[in-house]
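# Summary of the model geometry
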Amino acid sequence: MRAGERAYAALREDIIEWRLLPGAVLAEVEQSERLGVSRTPLREALGRLTAEGLTTAAGGRGVVVTDISLEDIDELFELRETLEGKAAALAAERGDAATFLQLQRELLEAPALISGADPATEEYYELVGRLDSAIDAAISNAYLVQAMRSLRVHLVRVRRLAADDATRLTAAAAEHAAIAEAIAAGNPRLAEAATTVHLHRSLSHVKATHIPH
């Protein structure tokens, strides 16, 4: 992996996982030493992060990690509803029914992953990621896929702001199963509606359990 790519990947993960908090200054000398790269590939990495909206230039302070406010969250979900609703509808028209039936079955079994004293939340999120990937593959629209992938970077950060609890994750699993079922049935309107319901409930949960950093 090229030095610039390595620096970009490391910084991006640190920001998404809140190891680098909003307002943190990404000083070139400090980050170059920490990541073991020269300043040229570091600048390349910072440029990509700024293009994605994860960092921003802050005058004399240099480059800083961007914040996510409740207003930002509302705007992200407005865009998310537009993009993901359309994607679900297209997947229902173009996707392979067997693929989404299998995902529906797994999502219906997901509560077993997220209940108990030691919930396997990462396994659950991996399953949701596979549903996203299946929709991306089904829609056959590279521009829409790219737009959703850019959006998901910020949604992962948003997810870390909300308190995960078994009750919400169990409900979300059922909502994702309903999306997969509608796509498998080849029903675009139902797939879009199921997506809208899921996003509305997700937004309500994030705003109700928002944990300021």
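Conventions and cut-offs
- Residues numbered from 1 in each chain as written.
- Predicted model: local features only at pLDDT ≥ 70, side-chain atom pairs only at ≥ 80, totals over all residues.
- Heavy atoms only, no water.
- Helix = DSSP H or I, 4+ residues; strand = E, 2+ residues; numbered from the N terminus.
- Rg over C-alpha atoms; globule rule 2.2 N^0.38 Å.
- Buried < 20%, exposed > 50% of the residue type's maximum accessible area, 1.4 Å probe, protein only.
- Contact = heavy atoms within 4.5 Å.
- Core = buried A, V, L, I, M, F, W, Y, C linked by side-chain atoms within 4.5 Å.
- Patch = residues over 30% accessible without salt bridge, like charges linked within 9 Å, V, L, I, M, F, W, Y side chains within 5 Å.
- Areas by Shrake-Rupley, 256 points an atom, 1.4 Å probe, with all protein chains shown as cover.
- Salt bridge = Lys/Arg side-chain N within 4 Å of Asp/Glu carboxyl O.
- Lys, Arg positive; Asp, Glu negative; His and termini not counted.
- Charge placed at Lys NZ, Arg CZ, Asp CG, Glu CD.
- Phe/Tyr/Trp six-rings, centres within 6.5 Å; stacked < 30°, edge-to-face > 60°.
- Lys NZ or Arg CZ within 6 Å of the ring centre and 35° of its normal.
- Expected span 1.5 Å × (residues − 1).
- Arc of directions from axis to C-beta.
- Polar contact = N/O pair within 3.5 Å; in protein donor to acceptor, adjacent residues only side chain to side chain.

With that out of the way, let us pick up the overall build of the chain. Along the backbone of the chain there are 10 helices and 2 strands. Mapped from its N terminus to its C terminus, the chain presents α and β elements in the order α-α-α-β-β-α-α-α-α-α-α-α. For 213 residues, the compact-globule estimate of 2.2 N^0.38 gives 17 Å, and the C-alpha radius of gyration of the chain, at 19 Å, lies within 12% of that figure. Overall, the chain is about 55 × 40 × 30 Å in size when its C-alpha atoms are taken along their principal axes. Looking at the chain as a whole, 42% of its 213 residues qualify as buried. For the chain, restricting intrachain contacts to residue pairs at least 6 apart in sequence, the fraction spanning at least 24 positions comes to 75%.

Bringing the side chain of glutamate 175 into the picture now. Examined against the element boundaries, glutamate 175 turns out to sit in helix H9 (residues 166-184). Once residues lying within four places of it in the same chain are set aside, the contact partners of glutamate 175 are Arg168, His198 and Arg201.

On to the nonpolar core, then. Residues Ile73, Phe100, Tyr124, Ile135 and Ile139 are the most contacted members of the largest nonpolar core, which totals 47 residues. When neighbours within four sequence positions are excluded, isoleucine 135 is seen to be in contact with Ala87, Ala91, Phe100 and Ile183.

A cluster of like negative charges, contributed by Glu71, Glu75, Glu78, Glu81 and Glu192, occupies part of the molecular surface. Take the negative patch: its biggest share by element is 4 residues, from helix H4 (residues 70-94). Mapped onto the elements, glutamate 71 comes out in helix H4.

For the rest of this paragraph, the subject is the environment of glutamate 81. Here glutamate 81 lies in helix H4. Put simply, glutamate 81 and leucine 199 are 118 residues apart on the chain and 6.8 Å apart in space, counted from C-alpha to C-alpha. The residues contacting glutamate 81, other than those within four sequence positions of it, are Thr196 and Leu199.

Our next topic: the packing of aromatic side chains. With the rule as written, the count across this model stands at 1 aromatic pair. Centre to centre, the rings of tyrosine 124 and tyrosine 125 are 5.5 Å apart; their planes meet at 55°, and the pair counts as tilted. In this arrangement the basic side chain of arginine 48 is found over the ring face of tyrosine 8, its NZ or CZ atom lying 3.7 Å from the centre. In this arrangement the basic side chain of arginine 159 is found over the ring face of tyrosine 125, its NZ or CZ atom lying 3.5 Å from the centre.

Next up on the list: helix H10 (residues 188-208). With 21 residues, H10 should reach 30 Å at 1.5 Å per residue; the first-to-last C-alpha distance of 30 Å fits that figure. For H10, every residue scored as buried is listed here: Ala191, Ala194, Thr195, His198, Leu199, Ser202, Leu203, His205 and Val206. The buried residues of H10 occupy an angular sector of 170° when the element is viewed end-on, so they sit on one face. Opposite its buried face, H10 presents the exposed residues Arg189, His200 and Ala208, each directed more than 90 degrees away. Residues of H10 that are buried in the fold lie against H4, helix H8 (142-161) and H9. The N-capping residue of H10, defined by a side-chain oxygen 3.3 Å from the backbone nitrogen of arginine 189, is asparagine 187.

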